[in-house]
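The residues making up each chain are set out below.
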Amino acid sequence: MDNLLTVSQLNRYVKSVLDGDFRLKDLLLKGEISNFTNHYRSGHLYFTLKENDCAVKAVMFSKYANDLMFEPESGMAVIVRCSVSLYERDGSYQVYVYDMQPDGKGALQVAFEQRYRKLEAMGLFDLERKKPLPSFPQKIGVVTSQTGAALQDIINILSRRYPLAELILSPALVQGSEAAESLQSALQILDVSGDCDVIIIGRGGGSMEDLWCFNDEALVMQIAKCKTPVVSAIGHETDFTLCDYAADLRAPTPSAAAELVSPNIEDLYRVLYQYASKTGSAAQNTVTAYQKRLDFLKESSCFFQPEKQLKINLKKLEYLSNTIQNSIKNAIIRKQDYLAVQHSRLQALNPLARLNAGYSITMKEGTPISSVHQLKTGETVEIRLSDGNVCAKVTDIKPLKE
């Protein structure tokens, strides 16, 4: 039985056959991703490439997966560069991918669309969170390359259009693998300082690869959380980056950004001249009105015949004085009459006043007696007269017949 093999020997042999075929070493394979799994701990990507009813398993190790610009997902049509081999443990052959590109779209375009959907869902592009730009900024921050043409364009526009503003540069890289972190740090420095009224971030034109740092998620989030209004001025008018959507305002070019954040000083001079002219006219009109009033007063009789005017006013004062005195006297008389009437009414209601007419009040132990039934024979009573009291003893009680 010389041809007897173990399973491991068979798998090892088939693997060596596949590995030895140079035609399977560098393949371009087209298919649709399914059953995609991102093994987050290892960073390896596992998926199946399928076409109609055919499928093949695939794996992309982390050292290649980390270089992808986009995130693979199930249902995505891709073209992969790979080699074919056998996974000995399971006895199944699979492709080992070391490069992947979306089929029909570039990797950067797919990555851009994926990040846009993600950041939009987070609300970073909502219009409600956009901040208005200041009308008259005193300090304008700029985040760009210190040696780039964009900075010179901004300086030229501001020096001509609005030289009153101070430009504060926070230099940063605007291209390359370290550019996104550099831009984020430079932007954060300006925003945290609180010195700037508005910030411009941008650079000149370039390819999508050149501008890719402005699609970095961390940079976009930094722009969205800035307290200072941010104007994005990246590339040319047809170039769009994710920073454009997160910024409070997008400018088509750096030069346009400088114009958008600054008023035209010539327009300001024109408005100031108009206000100055209106203020001068208003002041002149006021002076003229008061001059006419003064001329009228100067022609008044009080300046030519002051004694006559004084006599007229003295007569008025005397009349008013007499009127006031008479009014006070009449008021006092009315109050006196009122008090007399009230005094008469009180006297009429005074029970003691009746004693002068011969009436008396009989009391027992200080309590007035109103009925014979309150007394008994032999009791002592007190009789109140108009000029004194009399003590008496009850000898007889005679009730009146009804």
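Residues numbered from 1 in each chain as written. Predicted model: local features only at pLDDT ≥ 70, side-chain atom pairs only at ≥ 80, totals over all residues. Heavy atoms only, no water.

Caption draft 1: Structural detail: the overall build of the protein chain. Per the secondary structure count, the protein chain includes 11 helices and 14 strands. Against the globule reference of 21 Å for 402 residues, the protein chain gives a C-alpha radius of gyration of 54 Å, more extended than a compact globule. In terms of principal-axis extent, the alpha carbons of the protein chain reach across some 170 × 95 × 35 Å. A burial count over the protein chain gives 30% of its 402 residues as buried. Considering only residue pairs separated by 6 or more positions, the protein chain has 60% of its internal contacts joining residues 24 or more positions apart. (Helix = DSSP H or I, 4+ residues; strand = E, 2+ residues; numbered from the N terminus. Rg over C-alpha atoms; globule rule 2.2 N^0.38 Å. Buried < 20%, exposed > 50% of the residue type's maximum accessible area, 1.4 Å probe, protein only. Contact = heavy atoms within 4.5 Å.)

Caption draft 2: Structural detail: the packing of helix α4 (residues 149-161) against helix α8 (residues 254-261). Axis separation between α4 and α8 bottoms out at 8 Å; the angle between their running directions is 30°. Looking at the two axes, α4 sits roughly parallel to α8. Between α4 and α8 the crossing geometry is right-handed. The residues of α8 that touch α4, namely those facing Ala150, Asp153, Ile154, Ile157, Leu158, Arg160 and Arg161, are Pro254, Ser255, Ala258 and Glu259. Taken together, the residues of the contact of α4 with α8 break down into six nonpolar, one polar and four charged. (Axes fitted to C-alpha atoms, helices over the stretch in contact; angles between N-to-C directions. Parallel < 35°, antiparallel > 145°, perpendicular 65-115°, else oblique. Left-handed = near helix turned anticlockwise from the far one by under 90°. Nonpolar A, V, L, I, M, F, W, Y, C, P; charged D, E, K, R; others polar.)

Caption draft 3: Region of the structure containing the sheet that holds strand β9 (residues 230-234). In space, the five strands of this open sheet follow the order β7-β6-β8-β9-β10, with parallel pairing throughout. Strand pairing shows two members of the sheet lacking a second neighbour, β7 (166-169) and β10 (249-250), which therefore form its edges. Against the sheet, helix α5 (residues 179-193) touches β6 (139-143), β7, β8 (198-203) and β9, its axis set at about 165° to β6. With respect to the sheet, α8 is in contact with β6, β8, β9 and β10, its orientation differing from that of β8 by roughly 170°. (Pairing = 2+ DSSP bridges.)

Caption draft 4: Spotlight on the pairing of strand β11 (residues 361-364). With three bridges connecting them, β11 and strand β13 (residues 380-384) associate as antiparallel partners. Pairing of Met363 across the sheet is with Glu382, part of β13.

Caption draft 5: Examining the packing of α5 against helix α6 (residues 217-224) more closely. It is at 9 Å that the axes of α5 and α6 come closest, and there the two elements cross at 15°. As the angle between them shows, α5 and α6 are arranged roughly parallel. Between α5 and α6 lies a crossing whose hand is left-handed. Here Leu183, Gln184, Leu187 and Gln188 of α5 lie close against α6, whose contacting residues are Ala218, Leu219, Gln222 and Ile223. Residue classes in the contact of α5 with α6 are distributed as five nonpolar, three polar and no charged.

Caption draft 6: Seen up close, the environment of Tyr116. Tracing the chain through its elements places Tyr116 in helix α3 (residues 107-121). Here Tyr116 falls in the partly exposed class, since its relative accessible area comes to 24%. Separated by 101 residues in the primary sequence, Tyr116 and Glu217 have C-alpha atoms spaced 9.4 Å apart. When residues no more than four places from it in sequence are discounted, the contact partners of Tyr116 are Phe125, Leu242 and Tyr245.

Caption draft 7: Seen up close, a nonpolar patch on the surface. A surface patch of nonpolar side chains, amounting to about 470 Å² of accessible area, comprises Leu5, Leu10, Tyr13, Val14 and Val17. With respect to the helices, strands and loops of the structure, Tyr13 is situated in helix α1 (residues 7-20). (Patch = residues over 30% accessible without salt bridge, like charges linked within 9 Å, V, L, I, M, F, W, Y side chains within 5 Å. Areas by Shrake-Rupley, 256 points an atom, 1.4 Å probe, with all protein chains shown as cover. Salt bridge = Lys/Arg side-chain N within 4 Å of Asp/Glu carboxyl O.)

Caption draft 8: Geometry of the sheet that holds strand β14 (residues 389-393). Taken together, four strands build an open sheet; the order of strands is β12-β11-β13-β14 and the sheet is antiparallel. Strands with a single pairing partner mark the edges of an open sheet, and in this sheet they are β12 (367-368) and β14. When β13 meets β14, the two strands line up antiparallel, connected through five bridges. Bridging across to β14, Glu382 finds its partner in Cys391.

Caption draft 9: Representation of α6 within the structure. Along α6, six of the eight residues are buried, which leaves the element largely enclosed by surrounding structure. Those residues of α6 hidden inside the fold are in contact with α3, α5, β8, β9 and α7 (242-246). Capping the start of α6 is the job of one residue whose side-chain oxygen sits 3.1 Å from the backbone nitrogen of Ala218: Asp216. (Polar contact = N/O pair within 3.5 Å; in protein donor to acceptor, adjacent residues only side chain to side chain.)

Caption draft 10: Region of the structure containing the pattern of salt bridges. Considering all chains together, one arrives at 11 salt bridges under this definition. One salt bridge in this structure joins Asp26 and Arg81, with 3.1 Å as the shortest N-O distance. One end of the pair, Asp26, is in the loop between α1 and β1 (27-38); the other, Arg81, is in strand β4 (residues 77-87), and 55 residues separate them in sequence. Between Asp248 and Lys131 there is a salt bridge; the shortest N-O distance is 3.4 Å. A residue pair is termed long-range when its members are at least 10 positions apart, and Asp248 in the loop between α7 and β10 and Lys131 in the loop between α3 and β6 qualify at 117 residues.

Caption draft 11: The nonpolar core, seen in detail. In this structure, Phe47, Met100, Val143, Leu183, Phe214 and Ile223 are the most contacted members of the largest nonpolar core, which totals 53 residues. Other than its neighbours up to four places away in sequence, Leu183 contacts Val143, Ala172, Leu173, Val174, Ile201, Cys213, Phe214 and Leu219. Core analysis: the next-biggest nonpolar cluster, separate from the first, contains 17 residues, Ile157, Tyr162, Ala233 and Ala256 among them. (Core = buried A, V, L, I, M, F, W, Y, C linked by side-chain atoms within 4.5 Å.)

Caption draft 12: The packing of aromatic side chains, seen in detail. For the structure on display, the rule yields seven aromatic pairs. One aromatic cluster is present, built from ring pairs that chain together Tyr116, Phe125, Phe240 and Tyr245. The residue whose ring lies beneath Arg250 is Phe240, and the NZ or CZ to ring-centre distance is 3.9 Å. (Phe/Tyr/Trp six-rings, centres within 6.5 Å; stacked < 30°, edge-to-face > 60°. Lys NZ or Arg CZ within 6 Å of the ring centre and 35° of its normal.)

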